[in-house]
Amino acid sequence: MQITDETSVAGYLNFVAVYVDRGWEDLQTTYSDEVKLAGDTPALVDHIVTLLAGDAYSDKTAARIAKAVAEIPADRAKDRVRAAVMLVVASPEYLVQK
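Residues numbered from 1 in each chain as written. Predicted model: local features only at pLDDT ≥ 70, side-chain atom pairs only at ≥ 80, totals over all residues. Heavy atoms only, no water.

Engineer: Describe the overall build of the chain, listing the residues and the values that go with them.
Structural biologist: When helices and strands are counted, the chain shows 6 helices and 0 strands. Against the globule reference of 13 Å for 98 residues, the chain gives a C-alpha radius of gyration of 13 Å, in line with a compact fold. Taken over 98 residues, the chain has a buried fraction of 30%. Expressed as a percentage of contacts within the chain between residues at least 6 apart in sequence, the contacts between residues at least 24 apart total 61%. Entry remark: accessible area of the chain is about 6,600 Å², with carbon and sulfur atoms responsible for 55%. When the 10 basic and 15 acidic side-chain charges of the chain are each reduced to a single mean position, those positions are 5 Å apart. (Helix = DSSP H or I, 4+ residues; strand = E, 2+ residues; numbered from the N terminus. Rg over C-alpha atoms; globule rule 2.2 N^0.38 Å. Buried < 20%, exposed > 50% of the residue type's maximum accessible area, 1.4 Å probe, protein only. Contact = heavy atoms within 4.5 Å. Areas by Shrake-Rupley, 256 points an atom, 1.4 Å probe, with all protein chains shown as cover. Lys, Arg positive; Asp, Glu negative; His and termini not counted. Charge placed at Lys NZ, Arg CZ, Asp CG, Glu CD.)

Here it is as structure tokens:
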């Protein structure tokens, strides 16, 4: 994170937010597998972390993300999924290559 600044992080998150929400041209996702897990936020976050970050993630960070996602009402499953994806890809553990 030493070679980045607030502007690049904000730009990256704005870019990612659009595609998490709307997809990219012909590449769309229904998040169907993830929506099925939305009621169990730790399982949802573990699934997303596995898909996007592999083993580069700490349990502590995943638990914090799951806690934040659990604040979204359960009947808004797709919003929970989108929030989980955004929080995972916004974290330093995801952004920093090891």
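Engineer: Please give an account of helix α3 (residues 41–52) that cites residues and values.
Structural biologist: Counted at 1.5 Å a residue, the expected span for α3 with its 12 residues is 16 Å, and the 16 Å between its end C-alpha atoms agrees. Every buried residue belonging to α3 is among T41, L44, V45, I48 and V49, and all of these are buried. Angularly, the buried residues of α3 cover 130° about the axis, an arc narrow enough to put them on a single face. Exposed residues on α3 whose side chains face more than 90 degrees from its buried face are T50 and L51. The inward-facing, buried residues of α3 abut α2 (32–37), α4 (59–70) and α5 (77–90). (Expected span 1.5 Å × (residues − 1). Arc of directions from axis to C-beta.)

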